[in-house]
Amino acid sequence: MHYVYYLQSVAFPDQYYTGLMNDVQTRLAAHNAGESKHTAKFKPWMLLSFRYFVSEETALAFEKYLKTGSGRALAKKRFR
């Protein structure tokens, strides 16, 4: 099971984060505990959306897409 997740900072609402993980709730807890140096300064985080993929390759491709300009526009339109 592969999930692409989309987070928003509660303290800094203009900050978003996209990631890939097998267990979204555990990963969200890790972000909120400050275990990721990329997200620690913007904690706490809330989960806005996640998508399940059977294929890891497809999940990786979707995560990579969400980090592009058109992917960010899609996320802004659909996930917020």
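Reading the values: rules and limits
- Residues numbered from 1 in each chain as written.
- Predicted model: local features only at pLDDT ≥ 70, side-chain atom pairs only at ≥ 80, totals over all residues.
- Heavy atoms only, no water.
- Helix = DSSP H or I, 4+ residues; strand = E, 2+ residues; numbered from the N terminus.
- Rg over C-alpha atoms; globule rule 2.2 N^0.38 Å.
- Contact = heavy atoms within 4.5 Å.
- Areas by Shrake-Rupley, 256 points an atom, 1.4 Å probe, with all protein chains shown as cover.
- Lys, Arg positive; Asp, Glu negative; His and termini not counted.
- Charge placed at Lys NZ, Arg CZ, Asp CG, Glu CD.
- Patch = residues over 30% accessible without salt bridge, like charges linked within 9 Å, V, L, I, M, F, W, Y side chains within 5 Å.
- Salt bridge = Lys/Arg side-chain N within 4 Å of Asp/Glu carboxyl O.
- Buried < 20%, exposed > 50% of the residue type's maximum accessible area, 1.4 Å probe, protein only.
- Core = buried A, V, L, I, M, F, W, Y, C linked by side-chain atoms within 4.5 Å.
- Polar contact = N/O pair within 3.5 Å; in protein donor to acceptor, adjacent residues only side chain to side chain.

So, about the overall build of the chain. Each helix and strand in the chain was counted, giving 3 helices and 3 strands. Reading the chain from its N terminus to its C terminus gives the helix and strand order β-β-α-β-α-α. On C-alpha atoms alone, the chain measures out to a radius of gyration of 12 Å, which is about the 12 Å that the 2.2 N^0.38 rule sets for 80 residues. Each of the three principal axes of the chain carries a C-alpha extent, and together these read 30 × 25 × 20 Å. Put simply, of all contacts in the chain between residues at least 6 apart along the chain, 54% involve residues at least 24 apart. When the accessible surface of the chain is split by element, carbon and sulfur atoms take 56% of a total near 5000 Å². For the chain, the distance from the average site of its 12 positive side-chain charges to the average site of its 6 negative ones is 11 Å.

Let's shift gears to a nonpolar patch on the surface. Judged by side-chain polarity, Met1, Tyr52 and Val54 come together as a nonpolar surface patch covering roughly 360 Å² of accessible area. Among the structural elements, methionine 1 can be located in the segment before strand S1 (2-9). Classification of methionine 1 as exposed rests on a relative accessible area of 57%.

Right, let's get into the nonpolar core. By size, the foremost hydrophobic cluster in this structure holds 8 residues: Val4, Tyr6, Phe53, Ala59, Phe62, Leu66, Ala75 and Phe79. Of all the secondary structure elements, the ones that give two or more residues to this core are S1 and helix H2 (56-66). Top contributing element to this core by residue count: H2, with 3 residues. Filtering out sequence-adjacent residues up to four positions away, alanine 59 remains in contact with His2, Val4, Leu20 and Phe53. With 7 residues, the next largest nonpolar core counts Tyr3, Tyr5, Phe42 and Trp45 among its residues.

Attention now goes to the environment of lysine 67. Structurally, the position occupied by lysine 67 is in the loop between H2 and helix H3 (69-78). Residue lysine 67 is classed as partly exposed on the basis of its relative accessible area of 44%. Distance from lysine 67 to valine 4, taken between C-alpha atoms, is 11 Å for residues 63 residues apart in sequence. Contact partners of lysine 67, with chain neighbours within four places excluded, come to Thr18 and Arg72. Separated by 3.2 Å, the side chains of lysine 67 and glutamate 63 make a polar contact.

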